[in-house]
Structures are given as C-alpha cells and as structure tokens.
Amino acid sequence: MAKIIGENIPNMPWEEPTTDAPVWRYSQNPIIKRRPIENVTRVFNSALVPFNGGFAGVFRAETDNGIPYLYFGKSEDGLNFTFSKERIVFHTKDGGEYKFEYAYDPRVVKVEDTYYVIWCDGQYGSPVLALGKTQDFEHFEFISHPFLPFNRNGVLFPRKINGKYYLLSRPSDNGHTPFGDIYISESPDLVYWGNHTRLMERGYEWWQGLKIGAGCAPIETDEGWLLIYHGATQTCNGYVYSMGAALLDKDDPRKVKYRCGNFVLTPEADYETIGFVPNVTFPCCALADAATGRIAIYYGAADTVVGLAFTTVDKILDYIVKFKR
Ligand code: BMA
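Residues numbered from 1 in each chain as written. Predicted model: local features only at pLDDT ≥ 70, side-chain atom pairs only at ≥ 80, totals over all residues. Heavy atoms only, no water.

Caption draft 1: View of the sheet that holds strand β4 (residues 68-75). Across the sheet, four strands lie side by side as β2-β3-β4-β5; this open sheet has antiparallel pairing. The outermost strands of the open sheet, each flanked by one partner alone, are β2 (40-51) and β5 (82-87). For this sheet, the mean angle separating the axes of adjacent strands, direction not counted, is 25°. When β2 meets strand β3 (residues 54-63), the two strands line up antiparallel, connected through nine bridges. Within β3, the residue paired with Val49 across the bridge is Ala56. (Pairing = 2+ DSSP bridges. Helix = DSSP H or I, 4+ residues; strand = E, 2+ residues; numbered from the N terminus. Axes fitted to C-alpha atoms, helices over the stretch in contact; angles between N-to-C directions.)

Rendered as structure tokens:
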C-alpha cells in the first residue's frame, strides 16, 4: 500500500469507479460548463487548492474579446464554484499593476504558508512563464519570469527538496509548438533558476510522440513524486492531448523511476472530443487525500469546460509500474 504524504482533505470530491480504468471520469462531468462568468465564453485548464476549509483557485477564462485572463474562484465542495467578476490583478513590489498581454494555464501550489501561482504569460508577443504569489487569494503579487521566452507548462513542486525549489517546464515556440520535452530546474529563492536538465522526452508511443508537458503539481508519496502530465500527438485533424503518469525519485526528482507507456486517460467523452479545440484532456491540478489515498484530477476538456477524474495512489502507481516503458 502506497501512502500520500500531505494533508487530509475529507471534503474533496469523490466517486467510486465503475470500470477497471486507472483513472475514471466523474459521472456529472463537466463540472464547469460554458459561460460560467459574465463576459467569459469558456473556463478550462485551471487549478485549485484546499483553502479555509473549502477550496480556492485560479481559473483560465477566455473573455469575450478572445483573450485569456486569470480569474479567482472558490468552492465549498470542489464541484460548484463562485467566480470573481473581474480578472485577478497582480501587483509588483512597488505597488504598481503588473502588465501582461494574456495569461493562461495557471497552476497553484502551496509551499509552506504561501500559495504560488504559475502561468503562461504574454510579454512582447511571446509566451513566457510568470510566477506570482498570494496568502489570501485577495492580494496577488508578481514575483518574476523564471525563464526567457518561449516556455509553457510551468509546474512547481509543493515543497523544497534538499533546500531547493524545483520547477518543471516545457521550452516551446511562439505558436502551437510541434515539439516539446519536460525540463527540470532548481532555485534557492524562486528568482534565480539553474541546473536545467531534461527530465523526460516525448515518447515513442503515439499519444505522447509529439510533445509532453507537466500537468498537475507533483504529488508526494512514500514511493516518490507522482507526476500527472499531458502528452500530445498529431493527427490529420490536429493535435490530441491525453494524460500520462510517471513516478520520480523522492530525494532526487531528476530521476524518473517509472514512466507509463499507456495513457491514463484520453479524449473519449463528448465534452472532451467536441468543443473549441476537440480532443483535449489537459490536467492542471490534483487534490490528494493522505488519509484515504484518493486523488481528484481537474482537467480542461476540449479547451471549453472543466472535467474531473479520479484515481487512488495504489491504482495509479500499480498501473504505471505494470505498463512501464
Ligand atoms: C496547448 C496550450 C493549452 C491548450 C492546448 C490545446 O498548446 O495552449 O492551453 O489546452 O494547447 O489547445
């Protein structure tokens, strides 16, 4: 029996499986449907964390001007959300408003007593990672751009390892990026990043053959860091994004212990195969309950809505090992 190392989240959503799949969909999906906020067409690729007995998060919202921004959302049960009416404003250290062209695919991670938000930000017409922080989900502060453009899919580990922060990312191009591997970098202070090495490269298997990118913040288990990521392939009708899983060494996350050759979820439900960008399942956050080993994965579906899927730490780790490449 593997153990999740982390907090107990007794109120997180859960549903028992009705199939043998390693990851199964919530029967009431999608949990966030079209136009959940005024003047916003779609909310997807978003992240939440336990907060004040409920949940709080940062949501990718495509506004009626066709530009993505970040909105705040909260929930008592992790299923029904109330959103801010206006987008989140990040302030710089001198109190000014942080300026950007667009913002998308946020991840939120609690490290010690601070919630860090990392997203893909538009600067000088280029996608670049941006890092910010909040203590209360009311005041948000911009920290830095960890890397030069072009880079996407920034995912911070939820604690320091051997005194260093670790960040996963995917160097990319300025468009739809027909390539991409997951890199790992470290920092003493969240500002200066170095020791960049490639953690995992795109795979031979069709579903992750074009590019891969980190998805949810790694989940700590007694067997290592569970990484749920996305893998993309190219078809004659465009890209298809599936979910993959791997286990990284607990003390040295630069070591991949096992990586699953099978996807753990691929677009099959109507809300994943039909939408603004069909055939996308894009995981951005997972809640993990240490007491029961339950994991709830939030993912963007078809760049249109938010879906929820479940697994347990035992089930997914067994599957990763059974189908390791
Ligand atoms: C990627 C990102 C994601 C998006 C996906 C599918 O490059 O832009 O935000 O979900 O493409 O369109």
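Caption draft 2: The pairing of strand β22 (residues 305-312), seen in detail. Of all eight residues making up β22, seven are buried, and the element is well covered by its neighbours. Here strand β21 (residues 294-301) runs beside β22; their pairing, made up of eight bridges, is antiparallel. The residue bridging Gly300 from the neighbouring strand is Val306, located in β22. Linking β21 back to β22 in an antiparallel pair, the connection comprises three residues, with Ala302 at a positive phi of about 55°. (Buried < 20%, exposed > 50% of the residue type's maximum accessible area, 1.4 Å probe, protein only.)

Caption draft 3: Structural context of unusual backbone geometry. The residue after Asn29, namely Pro30, is reached through a cis peptide bond having omega -5°. Mapped onto the elements, Pro30 comes out in the loop between β1 (24-25) and β2. The step from Pro149 to Phe150 runs through a cis peptide bond, and the omega angle for that step is 0°. At Asn153, a position not held by glycine, the phi torsion is positive, near 55°. Within the fold, Asn153 resides in strand β11 (residues 151-156). Its identity is not glycine, yet Asp303 carries a phi of approximately 50°, on the positive side. Within the secondary structure layout, Asp303 lies in the loop between β21 and β22. Asp303 sits in the buried class, given a relative accessible area of 15%.

Caption draft 4: Highlighting the pattern of salt bridges. Applying the stated criterion across every chain, the model contains 14 salt bridges. Of the charged contacts in the structure, one is a salt bridge between Asp181 and Arg198, with a shortest N-O distance of 3.0 Å. Placement of the pair is Asp181 in the loop between β12 (165-171) and β13 (182-187) and Arg198 in strand β14 (residues 194-200), with a sequence separation of 17 residues. Its relative accessible area of 43% is what places Arg198 among the partly exposed residues. (Salt bridge = Lys/Arg side-chain N within 4 Å of Asp/Glu carboxyl O.)

Caption draft 5: The arrangement of the site of the ligand in detail. Taken together, the residues surrounding the ligand are Asn45, Arg60, Asp105, Lys211, Tyr241, Val277, Val280, Phe282 and Asp303. The side chain of Asp303 places a nitrogen or oxygen atom 2.6 Å from an oxygen atom of the ligand. (Near = heavy atom within 4 Å. Polar contact = N/O pair within 3.5 Å; in protein donor to acceptor, adjacent residues only side chain to side chain.)

Caption draft 6: Structural detail: the side chain of Ser84. As for its placement among the helices and strands, Ser84 is situated in strand β5. Ser84 sits in the buried class, given a relative accessible area of 19%. A polar contact is formed between the side chain of Ser84 and the backbone oxygen of Glu86, at a distance of 2.9 Å. With near-sequence residues (within four places) excluded, Ser84 lies in contact with Ile37, Tyr71 and Phe72. (Contact = heavy atoms within 4.5 Å.)

Caption draft 7: Seen up close, the packing of aromatic side chains. Under the criterion given, the structure shown has 27 aromatic pairs. Ring geometry for Tyr239 versus Tyr241: centroids 6.5 Å apart, planes at 55°, classification tilted. According to the relative accessible area criterion, Tyr239 is buried, its value standing at 19%. Relative to Phe282, the ring of Tyr241 lies with its centre 5.8 Å away and its plane at 55°, an arrangement referred to as tilted. Of this pair, Tyr241 sits in strand β18 (residues 238-248) while Phe282 sits in strand β20 (residues 281-289), and the two are 41 residues apart along the sequence. For Tyr241, a relative accessible area of 13% gives the class buried. Its relative accessible area of 6% is what places Phe282 among the buried residues. The structure contains a cluster of three or more aromatic residues connected by ring pairs, namely Phe51, Tyr69, Phe72, Phe90, Tyr98, Phe100, Tyr115, Trp119, Phe137, Phe140 and Phe142. (Phe/Tyr/Trp six-rings, centres within 6.5 Å; stacked < 30°, edge-to-face > 60°.)

Caption draft 8: Structural view of the sheet that holds β22. In spatial order, the strands read β1-β22-β21-β20; together these four strands make up an open sheet with antiparallel pairing. For this open sheet the edge positions go to β1 and β20, each flanked by a neighbour on one side alone. Sheet topology note: the β20/β21 ladder contains eight bridges and is antiparallel. Across the sheet, the residue bridging to Leu287 is Ala296, located in β21. This element, helix α2 (residues 313-322), spans β1, β21 and β22 of the sheet and lies at about 85° to β22.

Caption draft 9: Quick look at the state of the cysteines. Tallied over the entire structure, the rule returns zero disulfides. Looking at the unpaired Cys216, the closest cysteine sulfur is the one in Cys285, lying at 6.4 Å. Accessibility expressed as a relative area gives 1% for Cys216, which makes it buried. Free cysteine Cys260: the closest other cysteine sulfur is in Cys216, separated by 15 Å. With relative accessibility at 0%, the residue Cys260 sits in the buried group. (Disulfide = S-S within 2.5 Å.)

These figures come from the coordinates and say nothing about function on their own.
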